[in-house]
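Working through the structure, step by step
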Amino acid sequence: MKCVINAKGEITGFWEDGSKAPPEAVTCDKVYSIHGEGPPENQKLLYKLVDGKVEANT
Amino acid sequence: MALVFNGSNNTITGLAVGGLPDGIVDADTLASNSVTTAKILDNNVTGAKTANEMTSGSTSLNIGGMRVVQGSFTTSSSVADAGSDTTYPGARYYTSTTISYSGFATVPVVTFSLKGGYHEAFVSSAHESETSTTAHRQYFASHRSGGITSNPVTWTAIGVAS
């Protein structure tokens, strides 16, 4: 399981199959099928990565 | 002018244009990199004489100032939910991927091919500002999330070589 994070540590995508993730992806302890809400211009990313663990982006 | 063999400086002078027998100059006689552009008749370099350098496994090629770069990736297994089925009909779910490339002097044109089985899934627009001579962020959207999750994508960028 891998995910890609932005400069703020927010997760912009999960990959269940880590072998298919891009090179910049990092290991995640879990994956979700929805990583964001709202239209692109106002997208809220739902999760962030903290010390290798996925947490709610509150 | 008479033909003169000079044994002290090892030169031959006086030889007329076309004075050598046809076919006598072979490849070994020509010095490496000795054929300049001016020596090639216009419109006479045919396709068959061009090396097939874009072979399987290669990802880029420059042809006469034009650059072509190819790549592939797999979309994430997660998507963003724009809200509801009626908020953005047919495009409720979306995701984006940023690809990187090099060797372009100007922002290239990039095309994507999304492989899946969902008829309504589509390659959407590029990000309004995150396109440059080195990167391109592309959106993908679908009415059903499965149309754009874990799907293989191939892409081609074409532009002016730097």
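Our subject is the structure listed above.
To keep things clear, this report deals only with the structure shown in the data block. (Residues numbered from 1 in each chain as written. Chains lettered and ligands numbered in written order. Predicted model: local features only at pLDDT ≥ 70, side-chain atom pairs only at ≥ 80, totals over all residues.)

1. Details of the overall build of chain A
- Looking only at helices and strands, chain A features 0 helices and 7 strands.
- Ordered by position from N to C terminus, the α and β elements of chain A give β-β-β-β-β-β-β.
- Here the C-alpha radius of gyration of chain A, 11 Å, is about what a compact globule of 58 residues would show, namely 10 Å.
- Expressed as lengths along the three principal axes of its C-alpha atoms, the size of chain A is roughly 30 × 20 × 20 Å.
- Taken across its 58 residues, chain A has 26% of its residues classed as buried.
- The contacts of chain A with a sequence gap of at least 6 include a subset with a gap of at least 24, amounting to 35%. (Helix = DSSP H or I, 4+ residues; strand = E, 2+ residues; numbered from the N terminus. Rg over C-alpha atoms; globule rule 2.2 N^0.38 Å. Buried ≥ 20, exposed ≤ 12 C-beta atoms within 10 Å, placed from the backbone. Contact = placed C-beta atoms within 7 Å.)

2. With respect to the interface of chain A and chain B
- Each partner contributes residues to the interface: chain A has 17 residues there, and chain B has 15 residues.
- Put simply, the parts of the chain that give the side of chain A that touches chain B at least two residues each are strand E2 (11–15) and strand E4 (34–37) of chain A.
- Sort the elements by how many residues they give to the side of chain A that touches chain B and E4(A) lands first, with 4 residues.
- Residue classes in the side of chain A that touches chain B are distributed as 8 nonpolar, 6 polar and 3 charged. (Nonpolar A, V, L, I, M, F, W, Y, C, P; charged D, E, K, R; others polar.)

3. Some points on the nonpolar core
- Of all hydrophobic cores here, the largest spans 16 residues; its most connected members are Tyr93(B), Tyr94(B) and Ile148(B).
- Sorting the residues of this core by element identifies strand E5 (79–81), strand E6 (93–100), strand E7 (109–114), strand E9 (135–142) and strand E10 (152–160) of chain B as the ones contributing at least two each.
- Ignoring any residue separated from it by four or fewer positions in sequence, one finds Ile148(B) in contact with Thr75(B), Val79(B), Tyr93(B), Thr95(B), Ala121(B), Phe140(B), Ala141(B) and Ser142(B).
- Residues Phe14(A), Ala21(A), Val31(A) and Val54(A) belong to the second largest nonpolar core, which totals 10 residues. (Core = buried A, V, L, I, M, F, W, Y, C linked by C-beta atoms within 7 Å.)

4. Section: the sheet that holds strand E3 (residues 26–27) of chain A
Residues and elements named next belong to chain A.
- Taken in spatial order, the 3 strands line up as E2-E1-E3 in an open sheet, and their pairing is antiparallel. Lying at the two open borders of the sheet, with one neighbouring strand each, are E2 and E3.
- The sheet contact formed by strand E1 (residues 2–5) and E3 spans 2 bridges and is antiparallel. Across the sheet, lysine 2 pairs through a bridge with threonine 27, a residue of E3. (Pairing = 2+ DSSP bridges.)

5. Quick notes on the pairing of strand E4 (residues 66–74) of chain B
Residues and elements named next belong to chain B.
- Strand direction decides the pairing type here: strand E3 (residues 60–63) and E4, joined by 4 bridges, are antiparallel. The partner of leucine 61 across the bridge, within E4, is valine 68.
- Counting the residues in the hairpin turn of E3 and E4 gives 2 residues, including glycine 64, whose phi is positive at 50°.

6. Some thoughts on the sheet that holds E5(B)
- Pairing is mixed in the open sheet, where 6 strands are placed in the order E5(A)-E4(A)-E5(B)-E6(B)-E9(B)-E8(B). Of all the strands in the sheet, the pair left with one neighbour each is strand E5 (44–45) of chain A together with strand E8 (122–131) of chain B.
- In the sheet, E8(B) pairs with E9(B) via 4 bridges, with the strands oriented antiparallel. Looking at the pairing, Phe122(B) lines up with Ala141(B) of E9(B).

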